[in-house]
Protein chains: 2
Amino acid sequence: MKVKVLQNILDANTQMAQKNQRLLDNHRILALNIMASPGAGKTSLILKTIARLKDKTRIAVIEGDIASTIDADRISDQGVAVVQINTGGGCHLDANMVENALNNLKLNEIDLLFIENVGNLVCPAAFRLGEHKRVVLLSVPEGDDKPIKYPMMFTESEAVVINKIDLMPLLDFDLDAFKRKVIGLNPDVEIFQLSAKTGQGLDPWLSWLEAELKSLRA
Amino acid sequence: MKVKVLQNILDANTQMAQKNQRLLDNHRILALNIMASPGAGKTSLILKTIARLKDKTRIAVIEGDIASTIDADRISDQGVAVVQINTGGGCHLDANMVENALNNLKLNEIDLLFIENVGNLVCPAAFRLGEHKRVVLLSVPEGDDKPIKYPMMFTESEAVVINKIDLMPLLDFDLDAFKRKVIGLNPDVEIFQLSAKTGQGLDPWLSWLEAELKSLRA
């Protein structure tokens, strides 16, 4: 009897992530996986983006946290659809959690979906969720050496956002050195520098989102 | 035939952590597991502590990083024994890695051992290394809501160090609210507030270390 050889089988998470992406594509939703250390400003960037885009773009958010609904509450206050995932100790979101969250959103009423991952510069990089783009935030107080110490997050992302640039004059952060390290790991990555708090530098980020939305609908 | 019932067997990591702790106890070495998000200032606090204590205390460091020897190089420059562990993607140190590092240190020449964990406010909390005390750093730019969102790190630690207090006047960090959240999770925890950069507030931290060293030797 011939032995069946099963080749190139995806792991369960990647399989489920592809299913999520097909669902999002069918609804022409642009999905972004937002990753960063705790306190780098993921929620603040999402809130500022909502404030600037919500008149012309229908936005929804999936919030990943180990515990609490603090971030989901802040987003819900802006009148945006939000689903909270509590991982209960888990250090990253996975595709199954996101599938459950998608089942709790009205997909016909969404253009742009932010998936805010658990605050962690390590584990989330290893798990696809079905997103179209992966965005890593690095805040200025964290220091410019992080791409060397946490390389996977930077090699796996399509965009790097340097946040809290309003603090740059007060801290020893070498912007050029940081960019060189990022580009060394990932030559095609988009790099934005902004302050989600003051709004400084937000326009190129918003233009990039709008271009990505347009190309998904073309 | 009677069935053997094996009860209360420790998991492999906890077993190995206890072995590490016995080894440290035999050499009267006080070991601290230093945990925090990336960029919170773990290495800076260790460097400042070395500068202040090295004339009277023999200090060594085990450096945990996913990749690179940036932090170990900074510590080695101070003339302190240091062993670098690269986890190669792993999001935390474990007791086996620390056992290997201990085998590469001259234990008879150490009073105080810092074990700097991988920058991650989630995973390191779940793995004992053999340390006597667990210390979590939280830097002011990360925000005062972190104990609610990452509770295990705060329930599992014996000391919390609030770092970068020199930035407090510039940021929305509610120190009293932060302390209330920490004490709510862990009533007996020690809390220090300092700036590893400026040296402000360092004395109570150093006094605590010296008291712990003395009690280990009593």
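Residues numbered from 1 in each chain as written. Chains lettered and ligands numbered in written order. Predicted model: local features only at pLDDT ≥ 70, side-chain atom pairs only at ≥ 80, totals over all residues. Heavy atoms only, no water.

*Asks:* Can you help me understand the packing of aromatic side chains in this one?
*Replies:* How two aromatic rings sit relative to each other is set out by the distance from centre to centre and by the angle between their planes. Residue and element names in this part refer to chain A. Per the stated rule, a full pass over the model turns up ten aromatic pairs over all chains. A centroid spacing of 6.2 Å and a plane angle of 80 degrees characterise the contact between Phe154 and Phe178, whose relative ring orientation is edge-to-face. Taken as a pair, Phe154 in helix H6 (residues 151-155) and Phe178 in helix H7 (residues 175-185) lie far apart in primary sequence, 24 residues in all. As far as the burial class goes, Phe154 and Phe178 line up, both buried. Among the aromatic side chains, those forming a connected cluster through ring pairs are Phe154, Phe173 and Phe178. (Phe/Tyr/Trp six-rings, centres within 6.5 Å; stacked < 30°, edge-to-face > 60°. Helix = DSSP H or I, 4+ residues; strand = E, 2+ residues; numbered from the N terminus. Buried < 20%, exposed > 50% of the residue type's maximum accessible area, 1.4 Å probe, protein only.)

*Asks:* Whenever I open this one, the interface of chain A and chain B confuses me. Can you help?
*Replies:* Often, the extent of an interface is quoted as the loss of accessible area on bringing the components together. Between chain A and chain B, the residue contacts involve 31 residues of the former and 31 residues of the latter. In this assembly, chain A packs against chain B so that about 2400 Å² is buried in total across both faces, 63% of it on carbon and sulfur atoms. The largest share of the area that chain A buries against chain B comes from Pro38(A), Lys149(A) and Tyr150(A), three residues that together contribute 23% of it. Linking chain A with chain B are three salt bridges, by the criterion used here. At the junction of chain A with chain B, the criterion picks out six residue pairs in polar contact (both at pLDDT 80 or more). Elements represented by at least two residues in the side of chain A that touches chain B include exactly helix H3 (70-76) and helix H5 (146-149) of chain A. If one sorts the elements of the side of chain A that touches chain B by residue count, H5(A) sits on top with three residues. Here the side of chain A that touches chain B is built from residues that sort into 16 nonpolar, six polar and nine charged. (Contact = heavy atoms within 4.5 Å. Buried area = accessible area lost by both parts, 1.4 Å probe. Salt bridge = Lys/Arg side-chain N within 4 Å of Asp/Glu carboxyl O. Polar contact = N/O pair within 3.5 Å; in protein donor to acceptor, adjacent residues only side chain to side chain. Nonpolar A, V, L, I, M, F, W, Y, C, P; charged D, E, K, R; others polar.)

*Asks:* Sorry if this is basic, but what is going on with the pairing of strand S1 (residues 30-35) of chain A here?
*Replies:* On a regular strand, each side chain points to the face opposite its neighbour's, so the side chains alternate between the two faces of the sheet. All names here are of chain A. Summarising burial for S1: six of the six residues are buried, a large majority. Side-chain alternation along S1 places Leu30, Leu32 and Ile34 on one buried face and Ala31, Asn33 and Met35 on a second face that is also buried. Pairing of S1 with strand S4 (residues 112-116) involves five bridges; the strand directions are parallel. Bridge pairing in S4 places Leu30 opposite Leu112. In the sheet, S1 pairs with strand S5 (residues 133-139) via four bridges, with the strands oriented parallel. Its bridge partner being in S5, Met35 is matched across the sheet by Val136. (Pairing = 2+ DSSP bridges.)

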